[in-house]
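Single-letter residue listing:
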Amino acid sequence: MSQSATAIPLPSNAVHLDFSVSQEEFYHDVIDGLSQPQKTLPCKYFYDELGSALFEDICQLEEYYVTRTEKALMHKITEQVPRLIPKGVTVIEPGSGAGEKIHWLLNALHRPAGYIAMDISKEILIRSCQVIKRAFPSLEVASCVADFNDFEKLSGLLATLQPAHPMLFFPGSTIGNLTPDQAVNFLTNYRTVLLDYAQRTNSKTTQSSWQSLSPSLNPNNDVGSVLIGVDLIKDKATLEAAYDDKQGVTAAFNTNLLTRINRELNADFNLNLFKHKAIFNEAKSRVEMHLVATADHFVTVNDLTFAFTKGETIHTENSYKYTLPDFCDLLRQAGFEPKQVWMDDKEWFSIHHARIC
């Protein structure tokens, strides 16, 4: 990440920082991934402007059950959520994307104080925050263009804004893009940031506008909570169809990553020599997305050349699926105590509420 932030000109009562990934970091990540025995590309680079738009299209597909199942479940639990979460919370949404689901949560909560959005796609982040400010004009809003794993940036935002009752909102089963170990590390790091922030905030006597609707933080009580969407294990056919739709939208989403590398990193991927593939790896309980080479050929990225053999793949994304006990164990490993879990009637998707313990 670049070390300095660029302010984004948006509504005067919002805070926006830009820590966009540099071309150097993008290049390094691509070269490193293509140099591995199993070639890989980080899935965070899917989300340029076109990639973000394609993902929104994926969410509307018949095969992609995740979004509509989660939305229906959210509607079902609307009255229960505010009973578990105190008034005056500041919602932190890593990987906020188009920001559609945050409207549901902000409407459900009792007098939320603020909203902090983090996303790697600047264009989508700007538009979603504009919509949020129009819908909730009295809400304190901040956004940060950054990888949601950049906890240093999040810690700096919290120190600057001093929100009361920060809580994590992580819908859409984005947690599934991380390996279980990475998911534990992500939640552990988030917990550490919140605990450190609570200790610093309670040592101060001044109060920011973000805290005006809430009592002061207590590091031993009500430090922070999480509300996380988690996709559950189901039959292989349903899972694979969700990531390989008949219309080819997911295939276009996957191959757009090569188009972006061609455009931004002076590469010469021939998209006609790759095809999209999605498989459910039952042993690892994850759907894997790959780009499969259809012929032997070479690809150049700037000044480096990579050989591909027919049938070789670039592994672009994982989407881990969980059982309820397994994910609750994961929360405990990260230092959170599960408090409530909801499932849809088919038991395809779950939403978990947990608190720091």
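The residue numbering used here restarts from 1 in each chain and proceeds along that chain's sequence as written. Only residues with pLDDT of 70 or above have their local features reported here, since the model is predicted, and side-chain atom pairs are shown and tallied only from 80 upward, although totals for entire chains, interfaces and linings are computed over all residues. Here the side-chain values reflect all heavy atoms present in the structure, with hydrogen atoms and water set aside.

1. Quick word on the overall build of the protein chain
Defined as follows: We count a stretch as a helix when DSSP gives it H or I for four or more residues in a row; a strand needs E for two or more, and each element gets its number in order from the N terminus. Each residue is placed in one exposure class: buried if its accessible area under a 1.4 Å probe, protein chains only, is under 20% of its type's maximum, exposed if it is over 50%, and partly exposed if it falls in between. Throughout, a residue-residue contact means that at least one pair of heavy atoms, one from each residue, lies within 4.5 Å. The Shrake-Rupley method, run with a 1.4 Å probe, gives the accessible areas here. Residue values count only the displayed protein chains as cover.
Scanning the protein chain from N- to C-terminus turns up 11 helices and 14 strands. Across the 357 residues in the protein chain, those meeting the buried criterion constitute 55%. Taking the intrachain contacts of the protein chain between residues at least 6 apart in sequence as the baseline, contacts between residues at least 24 apart amount to 72%. In the structure as shown, the protein chain presents an accessible area of about 15200 Å², 50% of it carried by carbon and sulfur atoms.

2. As for the packing of aromatic side chains
Definition in use: Centres within 6.5 Å are what make two rings of Phe, Tyr or Trp a pair, Trp counting through its six-membered ring; a difference in plane orientation under 30 degrees is then read as stacked, over 60 as edge-to-face, and the rest as tilted. Two conditions define a charge located above a ring, namely a distance within 6 Å from the ring centre to NZ of Lys or CZ of Arg, and an angle within 35 degrees of the ring normal.
Across all of its chains, the model carries 18 aromatic pairs by this definition. Arranged with centres 5.9 Å apart and planes meeting at 80 degrees, the rings of Tyr47 and Phe55 form a pair that is edge-to-face. Taking the relative accessible area as the measure of exposure, Phe55 reaches 23% and is therefore partly exposed. A centroid spacing of 5.3 Å and a plane angle of 70 degrees characterise the contact between Tyr65 and Trp348, whose relative ring orientation is edge-to-face. Taken together, the positions of Tyr65 in helix H3 (residues 65-77) and Trp348 in the loop between strand S13 (336-343) and strand S14 (349-356) put the pair 283 residues apart, joining distant regions of the chain. Across this residue pair, the class does not change: Tyr65 and Trp348 are buried. The ring of Phe26 carries Arg260 above its face, with NZ or CZ at 4.8 Å from the centroid. In this arrangement the basic side chain of Lys346 is found over the ring face of Trp348, its NZ or CZ atom lying 4.5 Å from the centre.

3. Quick look at the nonpolar core
Keep this limit in mind: Put simply, a nonpolar core is a bunch of buried Ala, Val, Leu, Ile, Met, Phe, Trp, Tyr and Cys residues held in one set by side-chain atoms that sit within 4.5 Å of each other.
Core analysis: the biggest nonpolar cluster contains 67 residues, and Val91, Leu105, Phe269 and Val301 have the highest contact counts within it. Looking at this core element by element, the count peaks at 6 residues for helix H10 (residues 249-265). Apart from the residues within four sequence positions on either side, Val91 is in contact with Ile102, Leu105, Leu106, Leu109, Gly114, Tyr115, Ile116, Met167 and Phe169.

4. Observations regarding the side chain of Glu317
Our working rule: Think of it this way: Lys and Arg go in the positive column, Asp and Glu in the negative one, and His and the chain ends go nowhere. Counted as salt bridges are all cases of a side-chain nitrogen of Lys or Arg within 4 Å of a carboxyl oxygen of Asp or Glu. As used in this structure description, the phrase polar contact means that two N or O atoms lie within 3.5 Å; if the pair is within protein, one of them must be able to donate a hydrogen and the other to accept it, and residues adjacent in sequence are counted only when both atoms belong to side chains.
Summarising the element assignment, Glu317 is placed in strand S12 (residues 313-320). Here Glu317 occupies a buried position and makes no salt bridge, while the nearest side chain of opposite charge, Lys321, is found at 8.5 Å. A distance of 3.3 Å separates polar atoms of two side chains, one belonging to Glu317 and the other to Asn177. Once residues lying within four places of it in the same chain are set aside, the contact partners of Glu317 are Cys43, Phe46, Tyr47, Asn177, Val287, Glu288 and Met289.

5. A short note on the pattern of salt bridges
Enumeration according to the criterion identifies 17 salt bridges in this entry. In this structure, Lys153 engages Asp150 in a salt bridge whose closest nitrogen and oxygen atoms are separated by 3.2 Å. Across the pair, Asp150 and Lys153 agree in class, each one buried. With a shortest N-O distance of 3.0 Å, Arg260 and Glu264 are connected by a salt bridge.

6. Some points on the sheet that holds strand S8 (residues 274-281)
Quick note on the threshold: A pair of strands counts as paired when DSSP detects no fewer than two bridges linking them. A fitted line through C-alpha atoms serves as each axis, taken over the contacting stretch for helices, and the angle formed by two N-to-C directions is quoted from 0 to 180°.
Sheet architecture is open: 3 strands sit in the order S8-S9-S12, paired in antiparallel fashion. The open sheet has two free edges, formed respectively by S8 and S12, since each of these has just one partner strand. Adjacent strand axes in the sheet meet at a mean angle of 20 degrees when their direction is disregarded. Relative to S12, strand S9 (residues 286-293) runs antiparallel, the two sharing 7 bridges. Bridged to Val287 within S12 is Ser319. Each of S8, S9 and S12 is contacted by H10, which is oriented at about 60 degrees to S9, the strand it contacts most.

Take it as geometry only, folks, not as evidence of what the structure does.
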